Amino acid sequence: MMESGVDFDHGTKKWNPRMAPYISAKRKGIHITNLTRTVRFLSEACDFVFDAASRGKPFKWLKNKAADLVVSAAIRARCHYVNKKWLGGMLTNWSTTETRLHKFRDLRGEQKMGKLNRLPKRDAAMLKRKLLTLQTYLGGIKYLTGLSDIVIIVDQQKEYTALRECVIFGIPTICLIDTNCDLDLADISIPINDDVIASIRLILNKLVSAICEGRSSYIRSH
């Protein structure tokens, strides 16, 4: 974890006092995360996702920072994901989201069958732009048929809206948090340096492994 830079966090002037129990030291104006706590909560998170995956529960990954890493992790774990801007109301206004998903799937089907190319150029161009927008924001959840049972969030601050929507519906959340975040907002918070790609990759790989092992257990039991 030290090699991946998990322990180096934000400057001491930019932090959330609630994170004090998870900071082991200050060095040259930088907070150092207590890796013992990180290991503990990572282990708890891995156990949690393993148990959920072993019962066939669906997951959703959120991201902005390190979006490509989240896509890769979600695909390996066979999970849904959002790697662009979270559309406010995606959960709290699920009926609208569901309508958009149906439209998205219909348009994709029409495009694959070549129907869009048979339309007048203006109409075809309009529908292709709409399809591109839907792909950008909903591409990672195109097969989602209901609310996820667990949501994993990489960037708590940027994804605060998504986190609050999960809280409203009682959806368990796992957050990768830096020293400027609030550990009390998520069900399981894993303290790391969320500004370093290697740090995020390390944690995501551990979670993916736990989910994949849980899914294998689920398949064997069915």
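Let us look at the structure shown here. (Residues numbered from 1 in each chain as written. Predicted model: local features only at pLDDT ≥ 70, side-chain atom pairs only at ≥ 80, totals over all residues. Heavy atoms only, no water.)

Looking now at the overall build of the chain. When you go through the chain residue by residue, the secondary structure sums to six helices and eight strands. Of the regular secondary structure in the chain, the N- to C-terminal order runs β-β-β-α-β-α-β-α-α-β-α-β-β-α. Going through the 222 residues of the chain one by one, you find that 48% of them count as buried. Long-range contacts, defined as pairs at least 24 residues apart, comprise 63% of the intrachain contacts of the chain with a sequence gap of at least 6. (Helix = DSSP H or I, 4+ residues; strand = E, 2+ residues; numbered from the N terminus. Buried < 20%, exposed > 50% of the residue type's maximum accessible area, 1.4 Å probe, protein only. Contact = heavy atoms within 4.5 Å.)

The topology assignment puts Leu138 in helix α4 (residues 121-138). Sequence separation of Leu138 and Lys85 is 53 residues, and the distance between their C-alpha atoms is 9.8 Å. Not counting residues within four places of it along the chain, the set of residues in contact with Leu138 comprises Leu87, Met90, Arg100, Leu101 and Phe104.

A few words now on the side chain of Gln156. Tracing the backbone shows Gln156 in the loop between β6 (150-153) and α5 (160-169). Residue classification places Gln156 among the buried positions, given a relative accessible area of 3%. Engagement of the side chain of Gln156 in a polar contact is seen with the backbone oxygen of Asp182, the distance being 2.9 Å. Apart from residues no more than four positions distant in its own chain, Gln156 is found in contact with Leu163, Cys175, Leu176, Ile177, Cys181, Asp182 and Leu185. (Polar contact = N/O pair within 3.5 Å; in protein donor to acceptor, adjacent residues only side chain to side chain.)

With that settled, consider the pairing of β6. Neither face of β6 is open: one carries Ile150 and Ile152, the other Val151 and Ile153, and all of them are buried. Pairing of strand β4 (residues 59-62) with β6, which is carried by four bridges, proceeds in the parallel orientation. Directly across from Leu62, in β6, lies its bridge partner Ile153. Relative to strand β7 (residues 173-177), β6 runs parallel, the two sharing three bridges. Its bridge partner being in β7, Ile152 is matched across the sheet by Ile174. (Pairing = 2+ DSSP bridges.)

What follows covers empty space enclosed by the protein. Counting across every chain of the model gives one cavity of 30 Å³ or more. Quantified by volume, the largest cavity comes out at close to 30 Å³. Lining the largest cavity are Tyr81, Val82, Asn83, Lys84, Thr136, Tyr137, Leu138, Gly139 and Gly140. For the lining of the largest cavity, the leading source of residues is α4, giving three residues. A per-class count over the lining of the largest cavity returns four nonpolar, four polar and one charged. Structurally, the lining of the largest cavity is a two-domain feature, drawing no fewer than three residues from each of domain 1 (2-88 + 147-221) and domain 2 (94-139). (1 Å grid on protein atoms, 1.4 Å probe; cavity = no way out; pocket = protein on both sides within 12 Å on 5 of 7 lines; lining within 4 Å. Points joined across faces, edges and corners; volume = space filled by probe spheres on them. Nonpolar A, V, L, I, M, F, W, Y, C, P; charged D, E, K, R; others polar. Domains from an automatic or database assignment.)

Glancing now at unusual backbone geometry. Outside of glycine, negative phi angles account for most residues, and trans bonds account for most peptide bonds. With phi around 55°, Arg78 is a residue other than glycine that occupies positive phi space. Summarising the element assignment, Arg78 is placed in the loop between α2 (67-76) and β5 (80-82). In this structure Arg78 comes out as exposed when scored by relative accessible area, which is 56%.

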